[in-house]
Amino acid sequence: MLPSSLLFPRTPPRAARRRAPGMPQPLPPTQLYAAERAAVLTSCVLSSLGSGLLVGTHALWPELRTRPRELLLYLSLADLLSALSYFYGVLKDFDRTSWDCVLQGALSTFSNTSSFFWTVAVALYLYVTIVKGSPTGTGLLCCFHIVSWGVPLAITIAAVALKKIGYDASNVSVGWCWVNLDAEDRVLWMLLTGKVWEILAYVTLPVLYILIKRHINRAHAALLEYRPILSRAPALQPWTSTADKKLILIPVIFIILRIWSTVRFILTLCNSPAVQNSVLVVLHGIGNTFQGGANCIMFVLCTRVVRARLLSSICCCHHDDMGWPWRSSSSSRQHPDPAESEDVPDPERTKPLLSST
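Residues numbered from 1 in each chain as written. Predicted model: local features only at pLDDT ≥ 70, side-chain atom pairs only at ≥ 80, totals over all residues. Heavy atoms only, no water.

Focus: a nonpolar patch on the surface
Taken together, the side chains of Leu81, Trp99, Leu103 and Leu107 present a nonpolar region at the surface, about 410 Å² in accessible area. Considering every element that reaches the nonpolar patch, the biggest residue donor is helix 4 (residues 99-132), with three residues. One can find Leu81 in helix 3 (residues 67-92). Residue classification places Leu81 among the partly exposed positions, given a relative accessible area of 30%. (Patch = residues over 30% accessible without salt bridge, like charges linked within 9 Å, V, L, I, M, F, W, Y side chains within 5 Å. Areas by Shrake-Rupley, 256 points an atom, 1.4 Å probe, with all protein chains shown as cover. Salt bridge = Lys/Arg side-chain N within 4 Å of Asp/Glu carboxyl O. Helix = DSSP H or I, 4+ residues; strand = E, 2+ residues; numbered from the N terminus. Buried < 20%, exposed > 50% of the residue type's maximum accessible area, 1.4 Å probe, protein only.)

Below, the structure is given as structure tokens:
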């Protein structure tokens, strides 16, 4: 079975890019197929639902509002805005610069860049509290807000004011608008509006989480030495095991989702026709839009205390709709013992170990 890109050669849309002075002849615009758009739109919807679920659990259950999950809330808001703006861009599949193209490009630039900053902020917070053992008050949170919202906002405002946001022929996007490829300094603005922060995250996240994981392993080894004295020491094994898994998965999943965007960016700079490969286009679209869904899987569906509370609420609603009496034992399921149901302990209660994120 031949791939669709060979059976149906891509044809450029109505708009064509102008050749910038001193630049090689650019590639023709990437034409999106219906199947590619459907896959990316589905990813946008799932990411929006996942981000919404993260926000909802934070709003409904105050007892689960730890500081790491508060940072996760802000990350979810950025991912939600990113998924919605990408959804509009893919649905519209722009073929020229227009007012809604610029608006969509500005929103996705701001939210996507903010998502990078908040992702690193979560890792930095865990590093400071777990490895360094430093107290974290409102000062650190204010710094996170200033950097994670302020820097992307300033970059986006500057890009819009200088008319750098616009139609990009889908060679560095998947239907949505980003940096206008007609701009002579477009590479600089691609870096400023996302790529430089993305590449820095590739390096920063693995380093921070490796340091945290090493610290947890050393703390766990120290606890094992006192196993005959501390009767509850074996109970820490499931927590640290789950923590180890998440510490590995967080940077790995981030890189797996985002690397395709970086690959197509490099291919575009090299003027390679491989940038229009159908598989790369789909992976790029899903990777850029599914971050909220991935966070929901890790921090809601794969976090025992949140998953138990969510299932308890669903069962409660189901019994109410069926008119069945809800047994009093459900209260114990709605309020599980943190020591039994949390995947990992809170750093404020056990500083050498990972928080309940």
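Here we look at the side chain of Glu70
Position of Glu70 relative to the elements: it lies in helix 3. If we ignore the near neighbours within four places in the chain, the residues touching Glu70 are His58 and Leu141. (Contact = heavy atoms within 4.5 Å.)

With respect to unusual backbone geometry
Positioned with a positive phi, Lys163 is a non-glycine residue whose angle comes to about 60 degrees. Among the structural elements, Lys163 can be located in the loop between helix 5 (138-161) and strand 1 (165-166). On the basis of relative accessibility, which here comes to 70%, the residue Lys163 falls in the exposed class. Positive phi, normally seen in glycine, also occurs at Ala169, with a value near 65 degrees. Relative to the helices and strands, Ala169 resides in the loop between strand 1 and strand 2 (178-179).

Digging into the packing of aromatic side chains
Taken as a whole, this structure holds eight aromatic pairs when the rule is applied. An angle of 55 degrees between the planes, with centres 6.1 Å apart, marks the rings of Tyr88 and Phe94 as tilted. On the basis of relative accessible area, Tyr88 is assigned to the partly exposed category, the value being 35%. Residues Phe110 and Trp149 carry aromatic rings whose centres are separated by 6.0 Å and whose planes lie at 25 degrees to one another, so their mutual orientation is stacked. Placement of the pair is Phe110 in helix 4 and Trp149 in helix 5, with a sequence separation of 39 residues. What makes Phe110 buried here is its relative accessible area of 16%. According to the relative accessible area criterion, Trp149 is partly exposed, its value standing at 24%. Each residue in the set Tyr74, Phe110, Trp118 and Trp149 is aromatic and connected to the rest through ring pairs, giving one cluster. (Phe/Tyr/Trp six-rings, centres within 6.5 Å; stacked < 30°, edge-to-face > 60°.)

A few points about the nonpolar core
In this structure, Leu71, Trp118, Leu126, Tyr209 and Ile212 are the most contacted members of the largest nonpolar core, which totals 36 residues. Elements that contribute at least two residues to this core include exactly helix 3, helix 4, helix 5, helix 6 (186-225), helix 7 (236-269), helix 9 (291-301) and helix 10 (304-322). Among the elements that take part in this core, helix 4 stands out by supplying nine residues, more than any other. What Ile212 contacts, discounting residues up to four positions off in sequence, is Ala123, Leu126, Tyr127, Ile130, Val131 and Leu247. Among the nonpolar cores identified, the runner-up in size contains eleven residues, and Ile165, Trp178, Val179 and Met190 belong to it. (Core = buried A, V, L, I, M, F, W, Y, C linked by side-chain atoms within 4.5 Å.)

Digging into the side chain of Thr156
Within the secondary structure, Thr156 is located in helix 5. Look past the residues within four positions of Thr156 in its chain and what remains in contact with it is Ala106, Thr109 and Phe110.

Considerations on helix 3
Taking 1.5 Å per residue as the helical rise, helix 3 with its 26 residues ought to reach 38 Å, and the 38 Å between its terminal C-alpha atoms agrees with that figure. Looking one or two residues past helix 3, Asp93 carries a phi angle of roughly 50 degrees, positive in sign. (Expected span 1.5 Å × (residues − 1).)

Quick notes on the pattern of salt bridges
Taken as a whole and judged by the stated rule, the model has five salt bridges. The salt bridge involving Arg67 is made with Glu70; its shortest N-O contact spans 3.1 Å. Residue Arg67 and its partner Glu70 are located together in helix 3, separated by three residues, close to a single helical turn. With a relative accessible area of 21%, Arg67 lands in the partly exposed category.

Brief notes about the environment of Gly105
Mapping Gly105 onto the fold places it in helix 4. On the basis of relative accessibility, which here comes to 0%, the residue Gly105 falls in the buried class. Sequence-distant contacts of Gly105, that is, excluding residues within four places in its chain, are made with Ile165 and Cys177.

A look at the environment of Leu84
Relative to the helices and strands, Leu84 is located in helix 3. Separated by 23 residues in sequence, Leu84 and Leu107 place their C-alpha atoms 9.2 Å apart.

Focus on the environment of Val172
With respect to the helices and strands, the residue Val172 is situated in the loop between strand 1 and strand 2. Residue Val172 is classed as buried on the basis of its relative accessible area of 5%. In this structure the C-alpha to C-alpha distance between Val172 and Thr262, which are 90 residues apart in sequence, comes to 8.8 Å. Once residues within four sequence positions are removed from consideration, Val172 is found in contact with Trp178, Leu181, Met190, Phe265, Thr268 and His284.

Digging into the packing of helix 2 (residues 34-60) against helix 8 (residues 278-289)
For any two helices packed against each other, one specifies the inter-axial angle together with the distance between the axes. Packing of helix 2 against helix 8 brings their axes to within 8 Å, and their N-to-C directions diverge by 15 degrees. Taken together, the axis directions place helix 2 and helix 8 in an arrangement best described as roughly parallel. The interaxial crossing formed by helix 2 with helix 8 has right-handed handedness. Counting all contacts with helix 2, which are made through Glu36, Ala39, Val40, Ser43, Cys44 and Ser47, the residues of helix 8 involved are Ser278, Val281, Val282, Gly285, Ile286 and Thr289. Classifying every residue of the contact of helix 2 with helix 8 by side-chain character gives six nonpolar, five polar and one charged. (Axes fitted to C-alpha atoms, helices over the stretch in contact; angles between N-to-C directions. Parallel < 35°, antiparallel > 145°, perpendicular 65-115°, else oblique. Left-handed = near helix turned anticlockwise from the far one by under 90°. Nonpolar A, V, L, I, M, F, W, Y, C, P; charged D, E, K, R; others polar.)

Function cannot be inferred from these measures alone, as they are strictly geometric.
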